[in-house]
Amino acid sequence: MKTEENIVLEVEGLKQYFPLDRKDVVRAVDGVSFRIRKGTTFGLVGESGSGKSTIGRSIIRLYDPTEGTIRLNGKEISGKLTKEKKSYLTHHMQMIFQDPMSSLNPRKKVIDIVAEGLDANHLYSSKKEREEKVYRMLERVGLNKEQANRYPHMFSGGQRQRIGIARAMIMEPDLIIADECISALDVSIQAQVINIMKELQEEQGLTYLFIAHDLAMVKYISDEIGVMHRGHFVEMGTREEIFQNPVHPYTKSLLSAIPEPNPKTEPSRKSLSYDMRREGIDYTRGSRHWITDSHMVLATEEEFKKWT
């Protein structure tokens, strides 16, 4: 893996297992490693059940990782979750959840929802300063201060997701984990939300871990992309490397499923199928092969020669 300065998040050998019974476990994430540079977006893609959201929840410590090391700004946040680590996490990392309705307290007004982080960490000196911070953040995400005293059910899905973004952004975190944050929204609203996130990133130098299954949106927002399948990174690289020079057959099958906006070429587009068992692929036998300093594929020696 390439070494660079300004690494905000570093994940090494992350494993997240869930026991089914005394003998069996679900290996939701099985030895994942990656880094995210400051001010960039790392996109996590893969089909449902591949382990994408589990990675995000393990990093922010909603789950206790089974194994592996997680560092935020060089500070280890894995292992036992002490009071000091928890305080550091809430200051420097925030999450935007998939369902904007279930992640917002229906009994609280918007002003109190957005100010939750400020209240918990005492990041204001007066009630007026608290209000001003919330109003500024709401305006930044396309809402206004008149809406601050309303309840979540009084907003549309897109507006509720903006409230979720405002709640995360107001803490000025070093890393924001966006877990399928646009999948529950209409396509036109998705574009608005993504544009808000990109604008805030440019203004504040934010760093995102963007988890999604929509490859077109991931291509639009991400600088680097990790392709997940069955708990493993099967391929990782820059946006250009993944979309212009895919190596792993699973990556190729995902890309082939993207609809083409051209009505002349779309009918002739062929989707590739991927069956790891039929092709005899076993991720546990593969190792990380680096095509360039930033482009990695998981494969055995024989598979790597065949695919490249």
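Counting restarts for each chain, with residues numbered from 1 along the sequence as it is written. With the structure being a predicted model, the display of local features is reserved for residues of pLDDT at least 70 and the display and counting of side-chain atom pairs for 80 or more, all residues being used for whole-chain, interface and lining totals. The side-chain values count all of the structure's non-hydrogen atoms but skip hydrogen atoms and water molecules.

It is worth spelling out the nonpolar core at this point. Ranked by size, the top nonpolar core spans 60 residues in total, and within it Met-197, Leu-200 and Phe-210 carry the most contacts. We call two residues in contact when some of their heavy atoms are within 4.5 Å. Beyond its immediate chain neighbours, meaning those up to four positions away, Met-197 contacts Ile-96, Ile-165, Ala-178, Cys-181, Tyr-208 and Phe-210. The nonpolar core is taken to be a set of buried Ala, Val, Leu, Ile, Met, Phe, Trp, Tyr and Cys residues, with the residues joined through side-chain atoms within 4.5 Å. Between buried and exposed lies partly exposed: a residue is buried under 20% and exposed over 50% of the maximum accessible area for its type, with that area taken using a 1.4 Å probe on protein chains only. Counting residues in each nonpolar core, the second largest holds 28 residues, with Val-11, Phe-34, Ile-60 and Phe-233 among its members.

Per the convention used, a helix needs a DSSP run of H or I reaching at least four residues, while a strand needs a run of E reaching at least two, with both numbered from the N terminus. Relative to the helices and strands, Lys-52 resides in helix α1 (residues 52-59). You can call Lys-52 buried: its relative accessible area is 5%. Here the alpha-carbon distance between Lys-52 and Val-227, two residues 175 residues apart in the chain, equals 9.2 Å. Discounting chain neighbours no more than four positions away, the residues touching Lys-52 are Leu-44, Val-45, Gly-46, Glu-47, Glu-180, Ile-211, Ala-212 and Met-228.

The next thing to look at is the sheet that holds strand β10 (residues 232-238). On the basis of which strands lie adjacent, the open sheet formed by eight strands has the order β6-β7-β8-β3-β9-β10-β12-β11 and mixed pairing. Looking along the sheet, the strands with just one partner apiece sit at the ends: β6 (93-96) and β11 (287-290). Direction aside, neighbouring strands of the sheet carry axes that sit 20 degrees apart on average. Each of β3 (41-45), β6, β7 (175-179), β8 (208-211), β9 (224-229) and β10 is contacted by α1, which is oriented at about 150 degrees to β8, the strand it contacts most. Only C-alpha atoms enter the line fits that serve as axes; for helices the fit covers just the stretch in contact. Angles between N-to-C directions range over 0 to 180 degrees. Strand contacts of helix α6 (residues 157-169): β6, β7 and β8, with the helix running at about 175 degrees to β6, the strand carrying the most contacts. The pairing criterion for strands is at least two bridges between them, as found by DSSP.

The subject of this paragraph is the pairing of strand β4 (residues 67-72). Bridging between strand β1 (residues 7-19) and β4 involves five bridges; their strand directions are antiparallel. Across the sheet, residue Val-11 finds its bridge partner in β4, namely Ile-70. Of the pairings in the sheet, the one linking β4 to strand β5 (residues 75-76) comprises two bridges and is antiparallel in character. By the bridge assignment for β5, Arg-71 is matched with Glu-76. Here β4 hands over to β5 after two residues, with Asn-73 in that stretch at a positive phi of 55 degrees.

Attention shifts here to the sheet that holds strand β2 (residues 25-37). Through backbone hydrogen bonds, the strands of a sheet pair up, either in parallel or in antiparallel fashion. Here four strands make up an open sheet; going across it, the order is β2-β1-β4-β5 and the pairing antiparallel. Among the strands making up the open sheet, the edge pair consists of β2 and β5. Contacting β1, β2 and β4, α1 runs over the sheet at an angle of about 110 degrees to β1.

Within β9, six of the six residues are buried, leaving the element largely enclosed by the surrounding structure. Taking every second residue as pointing to the same face, both faces of β9 are buried, with Glu-224, Gly-226 and Met-228 on one and Ile-225, Val-227 and His-229 on the other. In this sheet, β9 lies alongside β3 in parallel orientation, the contact comprising four bridges. Bridging across to β9, Leu-44 finds its partner in Gly-226. Of the pairings in the sheet, the one linking β9 to β10 comprises six bridges and is antiparallel in character. Across the sheet, residue Gly-226 finds its bridge partner in β10, namely Met-236. What sits between the antiparallel neighbours β9 and β10 is a turn of two residues, in which Arg-230 has the positive phi angle 55 degrees.

Values of pLDDT, the confidence the predictor places in each residue, fall between 0 and 100. Model confidence for the chain is summarised by a mean pLDDT of 91, while 98% of its residues fall at 70 or above. Between the elements of the chain, mean pLDDT differs from a low of 87, seen in helix α7 (residues 187-204), to a high of 97, seen in strand β12 (residues 296-299).

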